[in-house]
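For reference, the chains in residue letters:
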Amino acid sequence: MPVVVVESPAKAKTINKYLGSEYTVLASYGHIRDLPAKDGSVDTEHDFEMTWEVGTDSRKHLKAIADALKEDNALILATDPDREGEAISWHLEDALRKRRVIKKDTPVSRVVFNAITKSAVTEAMKNPRQVDAPLVEAYLARRALDYLVGFNLSPVLWRKLPGSRSAGRVQSVCLRLIVEREMEIEAFRAKEYWNVKVLLESVRGQEFEARLVSLAGKKLDKHDIENETKAELAVQAVTSRDMKIKSVEAKPGSRNPSAPFMTSTLQQEASRKFGMGARQTMNAAQRLYEAGHITYMRTDGIDMAPESVMATRETIEERYGKEYVPKSPRMYKNKAKNAQEAHECIRPTNSNNDAPSLKLTDVDQRKLYDLIWKRTISCQMEAARIERTSVDIGSADGQIGLRANGQVILFDGFLKVYEEGRDEPAGEGDDKRLPQLNEGEPTDKKNISPEQHFTQPPPRYTEATLVKRMEELGIGRPSTYASIVTTIQDREYVRKDQNRLIPEDKGRIVTIFLLNFFKQYVEYDFTAALETQLDNVSAGDANYKEVLAKFWKDFSIAIAETSDLRISQVLDVLDDALAPQLYPTKEDGSDPRACPLCGAGQLHLKTSRTGGFVGCGNYPECRYTRQLGGDQQDSGDCVLGEDGGDQISVRSGRFGPYIQRGDVTEDVPKPPRASLPKGWSASDMDLEKALTLLSLPRQIGPHPEDGEMVEAGIGRYGPFVKHGRIYANLKEVNDVFTIGMNRAVEELARKLASRGGVGREKAKPSHELGEHPKGGGPVNVYDGRYGPYVKYDKINATLPKEVAPETVTMDIAIALIAEKAAKKGGGKTKPKAKVKAKSTDK
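Everything numeric in this text was worked out from a predicted model, so none of it was measured. (Residues numbered from 1 in each chain as written. Predicted model: local features only at pLDDT ≥ 70, side-chain atom pairs only at ≥ 80, totals over all residues. Heavy atoms only, no water.)

Q: Would you mind going over the sheet that holds strand S7 (residues 75–77) in detail, with residue names and values included?
A: Taken in spatial order, the four strands make up an open sheet running S2-S1-S7-S8, and their pairing is parallel. The sheet terminates laterally at strand S2 (24–27) and strand S8 (108–110), the two strands that pair on one side only. Pairwise comparison of adjacent strand axes, ignoring direction, gives a mean angle of 25° for this sheet. Bridge count between strand S1 (residues 3–6) and S7: three bridges; the pairing is parallel. Of the residues in S7, the one forming a bridge with Val5 is Leu77. With respect to the sheet, helix H2 (residues 58–71) is in contact with S1, S2 and S7, its orientation differing from that of S2 by roughly 165°. (Pairing = 2+ DSSP bridges. Helix = DSSP H or I, 4+ residues; strand = E, 2+ residues; numbered from the N terminus. Axes fitted to C-alpha atoms, helices over the stretch in contact; angles between N-to-C directions. Contact = heavy atoms within 4.5 Å.)

Q: Which residues make up the environment of Val238, and what values go with them?
A: Within the secondary structure, Val238 sits in helix H7 (residues 228–239). Residue classification places Val238 among the buried residues on the basis of a relative accessible area of 0%. Sequence-wise, Val238 and Glu439 are 201 residues apart; in three dimensions their C-alpha atoms are separated by 19 Å. Among residues more than four places away in sequence, those in contact with Val238 are Val198, Leu212, Met243, Ile400, Lys445 and Ile448. (Buried < 20%, exposed > 50% of the residue type's maximum accessible area, 1.4 Å probe, protein only.)

Q: Which residues make up the sheet that holds strand S25 (residues 698–702), and what values do they have?
A: With antiparallel pairing, the four strands of this open sheet are ordered in space as S25-S26-S27-S28. At either margin of the open sheet sits one strand with a lone partner, and together these are S25 and strand S28 (726–729). On average, adjacent strands in this sheet sit at an angle of 25° to one another, irrespective of strand direction. The pairing of strand S26 (residues 709–715) with strand S27 (residues 718–723) spans six bridges and is classified as antiparallel. Within the sheet, the bridge partner assigned to Glu711 lies in S27 and is Lys722. Relative to S28, helix H22 (residues 741–754) is tilted by about 105°, and along the sheet it contacts S25, S26, S27 and S28.

Q: Just give me the short version of the packing of aromatic side chains, but keep the residues and values in it.
A: Going through the model one piece at a time under the given rule, you end up with 17 aromatic pairs. Centroid distance Trp52 to Tyr139: 6.3 Å. Interplanar angle 20°. Geometry classified as stacked. Of this pair, Trp52 sits in the loop between strand S5 (49–50) and strand S6 (53–54) while Tyr139 sits in helix H5 (residues 133–160), and the two are 87 residues apart along the sequence. With respect to class, Trp52 is no different from Tyr139; both count as buried. (Phe/Tyr/Trp six-rings, centres within 6.5 Å; stacked < 30°, edge-to-face > 60°.)

Q: Let's hear about the packing of H5 against helix H16 (residues 524–538): which residues, and what values?
A: With their axes 7 Å apart at the nearest point, H5 and H16 run at an angle of 150° to one another. What the angle tells us is that H5 and H16 run roughly antiparallel. Along the contact surface, H5 presents Pro134, Leu135, Glu137, Ala138, Ala141, Arg142 and Leu145, while H16 presents Leu530, Glu531, Leu534, Asp535, Val537 and Ser538. Considered class by class, the residues forming the contact of H5 with H16 number eight nonpolar, one polar and four charged. (Parallel < 35°, antiparallel > 145°, perpendicular 65-115°, else oblique. Nonpolar A, V, L, I, M, F, W, Y, C, P; charged D, E, K, R; others polar.)

Q: Outline the packing of helix H8 (residues 263–274) against helix H9 (residues 278–290), listing residues and values.
A: Interhelical geometry of H8 versus H9 gives an angle of 115° and a closest axis separation of 9 Å. On the basis of the axis angle, H8 is roughly perpendicular to H9. The chirality of how H8 crosses H9 is right-handed. Contacts between H8 and H9 involve Thr263, Leu266, Gln267 and Ala270 from the former and Ala278, Thr281, Met282 and Ala285 from the latter. Class assignment for the residues of the contact of H8 with H9 results in five nonpolar, three polar and no charged. (Left-handed = near helix turned anticlockwise from the far one by under 90°.)

Q: Run through the pairing of strand S29 (residues 767–771), naming residues and quoting values.
A: As paired elements, S29 and strand S30 (residues 778–784) share four bridges and run antiparallel to each other. Bridged to His767 within S30 is Val781. Joining the antiparallel neighbours S29 and S30 is a turn of six residues, in which Gly776 adopts a positive phi near 75°.

Q: Summarise helix H12 (residues 363–378); cite the residues concerned and give the values.
A: In this model, H12 (16 residues) spans 23 Å end to end at C-alpha, consistent with the 22 Å of a helix rising 1.5 Å per residue. Along H12, 13 of the 16 residues are buried, which leaves the element largely enclosed by surrounding structure. Of the residues flanking the start of H12, the one acting as N-cap is Asp362, its side-chain oxygen 3.1 Å from the backbone nitrogen of Asp364. (Expected span 1.5 Å × (residues − 1). Polar contact = N/O pair within 3.5 Å; in protein donor to acceptor, adjacent residues only side chain to side chain.)

Q: Residue-level account of the pattern of salt bridges, with values.
A: Two side chains carrying opposite charge are able to pair once their charged atoms lie near each other. This model, assessed by the stated rule, comprises 44 salt bridges. The residue Lys506 makes a salt bridge to Glu492 at a minimum N-O spacing of 3.7 Å. Highlighted residues: Lys506 in helix H15 (residues 505–517) and Glu492 in the loop between helix H14 (481–490) and strand S16 (494–497), separated in sequence by 14 residues. Taking the relative accessible area as the measure of exposure, Lys506 reaches 8% and is therefore buried. For the salt bridge of Glu747 with Arg750, the shortest nitrogen-to-oxygen distance reads 3.2 Å. Taken together, the residues span about one helical turn, with Glu747 and Arg750 both in helix H22 at a distance of three residues. Each member of the salt-bridge network shares a partner with another, and the members are Arg142, Asp146, Arg169, Glu531 and Asp535. (Salt bridge = Lys/Arg side-chain N within 4 Å of Asp/Glu carboxyl O.)

Q: If you had to explain unusual backbone geometry to someone new, which residues and values would you point to?
A: Residue Pro697 is bonded to the preceding Leu696 through a cis peptide linkage, with omega at 5°. The topology assignment puts Pro697 in the loop between helix H20 (687–694) and S25. The backbone phi angle of Ala216 is positive, close to 55°, even though this residue is not glycine. By the secondary structure assignment, Ala216 is in the loop between strand S10 (207–215) and strand S11 (218–219). A relative accessible area of 48% means that Ala216 is categorised as partly exposed.

Q: Please provide a residue-by-residue account of the side chain of Gln380, values included.
A: Tracing the backbone through its elements, the reader meets Gln380 in the loop between H12 and strand S13 (384–395). Among the polar contacts made by the side chain of Gln380, one reaches the main-chain carbonyl oxygen of Arg330 at a distance of 2.9 Å. The residues touching Gln380, leaving out its near neighbours within four places in the chain, are Met304, Val309, Thr312, Arg313, Ile316, Pro326, Pro329, Arg330 and Tyr332.

Q: Go over the nonpolar core, please, and point to the residues and values.
A: Ranked by size, the top nonpolar core spans 80 residues in total, and within it Leu153, Leu466, Phe513, Phe518 and Phe555 carry the most contacts. With 13 residues, the top contributor of residues to this core is H5. Within the second largest apolar cluster, 49 residues are counted, among which are Ala124, Phe261, Ile294 and Leu415. (Core = buried A, V, L, I, M, F, W, Y, C linked by side-chain atoms within 4.5 Å.)

Q: I'd like to hear about helix H4 (residues 118–126), residue by residue, with values.
A: Residues spaced three or four apart along an α-helix face the same direction, because each turn holds 3.6 residues. Listed as buried for H4 are Val121, Ala124 and Met125. Projected down its long axis, H4 carries its buried residues within an arc of 100°, all on one side. Along H4, the residues that are exposed and aim more than 90 degrees away from the buried face are Ser119 and Lys126. Residues of H4 that are buried in the fold lie against S1, helix H1 (9–19) and S7. (Arc of directions from axis to C-beta.)

Q: Before we move on, could you go through the environment of Ala539 and cite the residues and values that matter?
A: One can find Ala539 in the loop between H16 and helix H17 (544–562). Put simply, Ala539 and Ala138 are 401 residues apart on the chain and 8.7 Å apart in space, counted from C-alpha to C-alpha.

Distances and angles like these do not, on their own, reveal function.
Right, here's the structure in full:
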C-alpha cells in the first residue's frame, strides 16, 4: 500500500477521499528542513555545500512518514507543482534516505496535479516521474542566495544602524520602491491649473456638458490655463460668443474581457475590490485549492485547459444565452519568462459551481472564490459593444472650441458578469449619453463654470500596485510576492495606512544606507537579471553553483569594505545623501540646517532603536529633535515664549507635534508635555494656547452628589470628562475648555447608564429571526456600535459589509454564528464531528 505525501492535512484529507483505502496519505506540514541560522550553513569555501536541519516541529511528521514506510515499501511524493513543492519532495526523499528508511528496492516517484479533483489526481497517479533536478537546483540557488545576503548583510545593519532588523535579496529592493515613491511625493510641488465647463442646451431643449478645448484659435493643453485670471478671461471669451455644432462623430467600439487570473493579478484585484492583503489573499486561495475548488494558485500562467474552456462556454450559454458566447474560444498566451512558473491560470475546477452553490462559510474564501469564478466566466464571454460619440462646438470666428464626449453600451457582453477594478479612481468619465445633436445646429449657453485644480503627486503604493510594479520590473516570483510584502511590514520598515504603504524612518534609513554602500544589490536591473539567471537554472540552462560563485565573489568584497566603517562615518554619508529631503532650501534664504529651537546649533541625522531622526548638534544643551519626514517649516517647531522662567516650545515627535515646558535635564528627565489635539496645527500655536494645553486636566468643580472633583481633559482616545473612575467622551476638543458642571454631570450619567448603571434599557433587536433550529433560543439581528451583528446565546457575529441587515436569513445567521463560535471555541453551537481519515490514523 503506497505512502503518498503532501504538504498539508487539508490536502491529505481531500486526496485520501479520491484515492481510497489502497493508499496511505500523510502530510509533511510544509518544509521539513531549512538552513540553520548560524555561520557556515552555506560553506562558501567548499563549493557552497549546504547544511540542512530538520525543524523541531517537523521531526514527528518525518517520523510518521518513516514509520509508515516500514509497512508500505513505496513512496509517492505529491507535493505542489511548483519550485517549492519540488523542493519539499527533494527534502523528504533526501532526509528519508539519510535515515536509511528508503531502501534500495523502495520505489520513489513524483506526481503533480494542477487541481485537487478526482480526475486530476487519478490521471497524475498514472503518470509518475522522478524529482525534477533543475527545479530543485533553482530552489537551492535561491535559498543559498537569500542566506548569504541575509546572514552577511543583516549584521552589518545591526552594527552600523541601531534599530535595523534585517536585509534581504528581494525585500530590500521592494523596500526601495516604497521609499523612493515617498521621496517623490515629498519633493512634489503642486501646480495650479483651471478648466472651463459649459452647460449647453440643444435646439430640442436637452442639456449636455462640454469642456473648453481651444482658446484664441489654439488648442489647449491640460495645464495651459494657469490661474484664476486666465480662467476668467476664458469665461468672458466663451460668454461673448454664440456657439453652434461644428461636427458630430459616432464611432463603434468594443471592450474585451480581462485574461483569467494568475497569482499577481489575483492579489491585485483582491486588494482593489476587498482591501485584502497579499498574504490574506494567498491564505484564502490555499484553502480553496486544498478543498478542490480552484486550480493551483501560484502561477504566472493565464492559459486554460481546452476542456475547461469548453465547459466554461457551456456554462455561459446555459446561464446567459447564446449571444454571450463568442463564435470561437478566447485563447490567452502565457507571458511568463519562466516556464516552470507558468502553470494553468487560477480558475474554478468546476465552472458550474458559483459561490452560492458551494455554501462557503469563511468570508474571505467566499469573496475570493466569487471573484475567481466571475473572472473565469467573463474571460470566455463576448466583448461589450460600445458607441462613442464626439461632438465639436465652436464660435463662428474660430476663437473658441468646445468638445462633448459620450458613450453608450449597445451590448453589455462580459460586463454582465464582471468588470476589472482600478488602482486609482477613474478620471472624469465620458460615459454619459449625449442628446440628439446635428451639425450646424445652434446651442444655448446655460452656465459657464471655471474649476480650479492642482496637479497631484504620484500615489503611494498599495499591496496591489506594489506587486504589479515588482512584476513589471521582474523582481520576485508568484511564490514570493506575498511573503516579500509581508516581511517588510513585519520588520516595521513599512506601515499600512488606509491600504497604502508608507515607509517608516528606519526603512528609509536602511534603504539610503544600502543605496550608498551596497548599491548594486538593490538595483532593479541587477535583481531582475539575477532572477533570470535562476530561471535559467530551473530550465536546466545554467549551473547553479556558478551563479552562486559569481554573486559571492563581488558581494563578499562589498561586505568586507564596510566592516571598518564607524557609525559616525555612515551617518555623515547618509546625512549628505538625504540633505535635499531633510533640509530643503528656505524661501527666505536662511540656513536650512540651523536649529529652529536654539538658533546656534546645526541639524544632523542621528539614529536610535526606533529608526532615524534629525537632532541639534548642540546636544545636550539643546534637545531639539524632529522626524525625518517633512521639514521644520512643516512641523512648526519653535519657542513660543516663556512662563515662570521656562521656555514653552512646540516640537515634533514620533507620534505628532506636542507642547513642552522647559528642557530635559538631569533634574527634570521628563518635563511637562501635551500632545496637540486632532485638528490643531503646530503652525497655529501661540503661548496662550500652549499654556492652556499644559494646564490640562481642567478642574470643573466638585460633583453635586459626592463632592469628588470632576475634571475635563484630552486623552489617548480624545477629549473627555472624568469623575472618579468614570470617563465620558466629548465630541469636540473645545468642549474641554468650556464645559460646565451641569453638562458634565449629564455626560457622566449617560456613560454610567450605557455601562449597565441605573436606567439602562436592554438593547432591542432590529430583526428577529426566530428560534435556533438545533440548539433552541432566539437568533436576532442588532444594530451595534461597530455595525450590525447577529446574536445567539453569548455569541455575537458581525455581519459582512456586503450583507444588509434586512436581508439576513436564519441560514446566513447560523453560518456566521458557527464561524464565530469556531474561532472562540465556545457557545451553544454543536461542534462539528471529527472526520477520522486513514491518513491521520496512520
